[in-house]
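In case you want the letters, here they are:
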Amino acid sequence: MSCRWKSSRVLQTWARPLNSEQLERRKETGCRLRPCKMALQLPDLPTLKIFSFLDAFSLLQASQVNREWNRVAENDHLWRNLCLKKWSFCNFSKCLGSQTWKQFFLKQTKQEYQMALAQPEDFIFKEATGNLGIIGPMAYLSGNGPTMGGQKKSIICTVSSKHMLYAWDVQEGTMIWSSPIQQSSITHLATLPQLHLAFTVDLEGTVKVWNCQDQDALATFPVSQACFSLEVCLTKDGPFLMVGNSEGDIYTLTVPELRGVSKVHAFKYTVDLLHCSPDKKWVFASGTHQNILPRVFFTECLLKPSEGKSPLSLSIPFSSCCRACWAPRRTSRITLMYRRGSSKKTGFTTFDLMTERTGGRTVIQAHQVATFLLPVHMESPIWMGASDGNMIVFESGPYLFLFTISGHQLQRFENHQRTIGNLWADSLHVLTTSMDDSLHVYMWEEEGRYPYLKSCCHLEHIGSDLTPSCYVSKAICDNVSIVCVVSKNRESSILVMYSLHT
C-alpha cells in the first residue's frame, strides 16, 4: 500500500484532539508530547501562517502537540485551502452543510481510500431500463454534493437520442427526472454540481439551463449558428457559461439567467474545444481544423469586457490540436495533443502561462516547457488526461500509457483485451473502457519523484445481454460511484451504474 493511502488511514486516527484521559494515558506510558517553546512565544497569526505551508497529515500531527496548536490547526481557512488545492473546488460552501472544511476534507479522503481498494464485489450493480435511445453526453449533477439521509448521493445527467435530458439516482439506479421532448437533438451537456444546474445545447444552437426539477428550462439563449463546445466557469464573481459555435465565436453568458456578457470572434472555423483552467484565470479555445492556432484568453477580459478593446489573448503556435488538458494542481500549465505532418504523427506539447506588464500594458506570455512526438509504430491516441503537470496519460490500441511531458514512458497497462474506446480522467481517477464491455479503474498515486497510476479494479458488464458492444462506450465516476454507457445496437444503449457499498 502506498504512502498516500497509508496517510489517508492515519488522517482518520489523528482527526480528533486528545481528551484528558488520553493525555493522562500518554503521560503514564511515557508518550507525552513535550510543549513547544515556539508555540508559547508566537501569537496566533504567525502560527497560522506557518501552518498554511503544511499538508493535511502534517497539520493533523501539529494539532496533537498542545492545546494552542490544536486550536490554530482547527482553523477553517487552513482546511478550506487544502480542499481547494487538492480538488480545485472554486466554491463549495453550498455543499458543506453543517460540516467544517476539516470534516469535509477527511470524509473525501476516506472515500478516495475506499474507492482505491474497491473490488468488483464491493459495488452494487444497477442497470437503467426503458426506451432511452442512444445515450450521449453525461455528467455528474451532484457528484460531490451534500449527503442525503446520512448517505452520499450521486446524481447523473444524461442526454439521449430521444431529444431528452435525464437525471438519475446512481445509488438507486432510478430515473428521478426527465425533460420534455426537445424540438432538436441535444448535442452537448455540461453541469454545475455546486448549484445543481445542467446546461444543454441543441443542433439549432439553442442553449438552455435546467435545475432538473422543473419541467421547463430556467432560461434559454439562442445562438445564431450550431454550437460545438460548452464550458461552465465558476469564478469568484459568480458562475458563467461559455459557448463556442461553428462560426468561431465564443459567447459568455451569466448563470442562470443566460444573459449575454460578451461575444468574441476567435477563429474563422469551428470552436471545438473550450477549457477553463482550474483557477478560472485562463480559457483555452481551439478548433481541430489544421489552419487554426489555439488561443488562450484571460478570463477576466471575457467576463468584464471593455468597450472597443479586444480581450487579452495569445495564440499558441501549434496547429491541428485535437485535445488539451490543464494540469489540475499547476493551474497555469496546459498540455496539448496534436497531429503533425502527412503521416499524422501524434505529439504533445506543454506550456506555462503568465501575464506580464510591458510598456504600460499587460500581455500574456507562454513558455514552452516540453514537447515530444510519439514513436511512428505507436497507434495514435484519441484521448488523454493530465496529472500534476508533469504526467500525461493516454490510450493506444488496447494499452494505457503514462508518459512524462518530456516523452519518457513510465508505465504501460494491459488490462483490456480489445482496443480502448474511451478514456476519462480527473485529478483523482482514470477510467478506461473497451468494446469487450469491460471497464478499468485507476487512481493517481503520489509517491517518490513522479506521481504514477495505480491499477485498482476491473469491472465486466454483468447484464443479461451478453452480446458485445458495437460502439464506443464511455464512463465517468466520483468517489462513490461509476457510470458507464454500453451500446449494443444503433437504436439504443444501456446505462450501467456501479455504487460502492456504504
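Preceding this paragraph is the structure being described.
Throughout what follows, the structure given in this document is the object of discussion. Computed from a predicted structure; not experimentally measured. (Residues numbered from 1 in each chain as written. Predicted model: local features only at pLDDT ≥ 70, side-chain atom pairs only at ≥ 80, totals over all residues. Heavy atoms only, no water.)

A word on the pattern of salt bridges
Which entries qualify depends on this criterion: Take a side-chain nitrogen of Lys or Arg and a carboxyl oxygen of Asp or Glu: if they are within 4 Å of each other, that pair is a salt bridge. Helix numbers and strand numbers start at the N terminus; a helix is a DSSP run of H or I with at least 4 residues, a strand a run of E with at least 2. Three labels apply to residues, based on accessible area from a 1.4 Å probe with only protein chains included: buried if under 20% of the type maximum, exposed if over 50%, partly exposed otherwise in between.
Tallied over the entire structure, the rule returns eight salt bridges. Here E74 ties to K102 by a salt bridge, and the two come within 2.5 Å at their closest N and O atoms. One end of the pair, E74, is in the loop between helix 6 (67-73) and helix 7 (76-87); the other, K102, is in helix 9 (residues 101-117), with 28 residues separating them in the sequence. For E74, a relative accessible area of 32% translates into the label partly exposed. Looking at K102, the relative accessible area reads 6%, which means it is buried. One salt bridge connects K304 with D237, and the closest N-O pair in it is separated by 3.5 Å. Of this pair, K304 sits in the loop between helix 10 (299-303) and strand 19 (313-315) while D237 is found in the loop between strand 12 (227-235) and strand 13 (238-245), placing the two residues 67 residues apart along the sequence. Here the residues in one salt-bridge network are D44, E68 and R71, joined through shared partners.

Some thoughts on the pairing of strand 33 (residues 481-487)
What counts here: Two strands pair if DSSP finds at least two bridges between them.
Across the seven residues of strand 33, seven count as buried, placing the element largely inside the fold. Side chains of strand 33 alternate between two faces, with S481, V483, V485 and S487 and I482, C484 and V486 buried alike. Two strands pair when backbone bridges link them, and strand 32 (residues 474-477) and strand 33 are joined in this way by four bridges, in the antiparallel orientation. Bridge assignment links C477 to a residue of strand 33, and that residue is I482. A loop of five residues connects strand 33 with strand 34 (residues 493-500), the two strands running antiparallel in sequence.

Regarding the nonpolar core
Rule in force here: Only buried residues count toward a nonpolar core, which is a set of Ala, Val, Leu, Ile, Met, Phe, Trp, Tyr and Cys residues joined through side-chain atoms within 4.5 Å.
Of all hydrophobic cores here, the largest spans 39 residues; its most connected members are F51, W79, F105, F123, L439 and I482. Among the elements that line this core, the one with the most residues is helix 9, at six residues.

Here's the deal with unusual backbone geometry
With an omega of 5°, the peptide bond between V255 and P256 qualifies as cis. One non-glycine residue, C212, adopts positive backbone phi at about 55°. Position of C212 relative to the elements: it lies in the loop between strand 10 (206-210) and strand 11 (219-222). The backbone of S320 shows a phi angle near 60°, a positive value even though the residue is not glycine.

Examining helix 4 (residues 44-51)
One turn of an α-helix holds 3.6 residues; hence residues three or four places apart share an orientation. Defined as follows: The arc under discussion is defined with respect to the helix axis, by the directions toward the C-beta atoms. Contacts are assigned to residue pairs with any non-hydrogen atoms lying within 4.5 Å of each other.
Here helix 4 has its buried residues at T47, L48 and F51. Looking straight down helix 4, one finds that the buried residues subtend no more than 100° of arc, so they occupy a single side. In this structure, helix 4 carries L45 and K49 as exposed residues pointing more than 90 degrees from its buried face. Elements in contact with the buried residues of helix 4: helix 5 (56-62), helix 6 and helix 7.

Details of the sheet that holds strand 16 (residues 273-276)
The line we're drawing: Throughout, an axis means a line fitted to C-alpha atoms (over the contacting stretch in the case of helices), and angles, computed between N-to-C directions, take values from 0 to 180 degrees.
Read across the sheet, four strands follow the order 16-17-18-19 without closing on themselves; strand pairing throughout is antiparallel. The open sheet terminates on both sides in strands that have one partner only, identified here as strand 16 and strand 19. Neighbour-to-neighbour, the strand axes of this sheet turn through a mean angle of 15°, independent of strand direction. Bridge count between strand 17 (residues 282-286) and strand 18 (residues 295-298): four bridges; the pairing is antiparallel. Opposite W282, over in strand 18, you have F298 as the bridge partner.

Quick word on the packing of aromatic side chains
Definition in use: The criterion for an aromatic pair is that two Phe, Tyr or Trp rings (for Trp, the six-membered ring) have centres within 6.5 Å, with stacked assigned to planes under 30 degrees apart, edge-to-face to planes over 60 apart and tilted to the rest. In this analysis the charged atom, NZ for Lys or CZ for Arg, is taken to sit over a ring once it is within 6 Å of the ring centre and within 35 degrees of the ring normal.
Tallying each qualifying case throughout the model produces 19 aromatic pairs. Residues F123 and Y498 carry aromatic rings whose centres are separated by 6.2 Å and whose planes lie at 80° to one another, so their mutual orientation is edge-to-face. You can see F123 sitting in strand 1 (residues 123-127) and its partner Y498 sitting in strand 34, a full 375 residues away along the chain. With respect to class, F123 is no different from Y498; both count as buried. Through a chain of ring-to-ring contacts, three or more aromatic side chains come together here, namely F348, F372, F394, Y399, F401 and F403. For R412, the ring lying beneath its charged end belongs to Y399, and the centroid distance is 4.3 Å.

Concerning the state of the cysteines
The bond known as a disulfide is covalent and runs between the sulfur atoms of two cysteines. Quick note on the threshold: In this description, the term disulfide denotes a pair of cysteine sulfurs within 2.5 Å.
In the structure shown here, the tally under the stated rule is zero disulfides. Not engaged in a disulfide, the cysteine C321 finds its nearest cysteine sulfur in C322; these two sulfurs lie 6.2 Å apart. C321 supplies the cysteine sulfur nearest to C325, a cysteine that is in no disulfide, at a spacing of 9.7 Å. The buried category is assigned to C325, whose relative accessible area is 16%.

A closer look at the pairing of strand 29 (residues 429-434)
For strand 29, the buried fraction is high: six of the six residues fall into the buried class. Every second residue of strand 29 is oriented toward a common face, with H429, L431 and T433 on one face and V430, T432 and S434 on the other, all of them buried. Bridging between strand 28 (residues 420-425) and strand 29 involves five bridges; their strand directions are antiparallel. What sits directly across from W424, in strand 29, is L431. Counted between consecutive antiparallel strands, the loop separating strand 28 from strand 29 contains three residues.

Some points on the sheet that holds strand 26 (residues 399-404)
Pairing within the open sheet is antiparallel, and its four strands lie in the order 24-25-26-27. Pairing within the sheet leaves two strands with one partner each, and these edge strands are strand 24 (384-386) and strand 27 (409-413). Put simply, the sheet's adjacent strands are angled 20° from each other on average, direction ignored. Where strand 26 lies against strand 27, four bridges are found, and the strand directions are antiparallel. Residue pairing across strands places F403 opposite Q409, the latter belonging to strand 27.

From the geometry alone we can't say anything about function, so treat these as descriptive.
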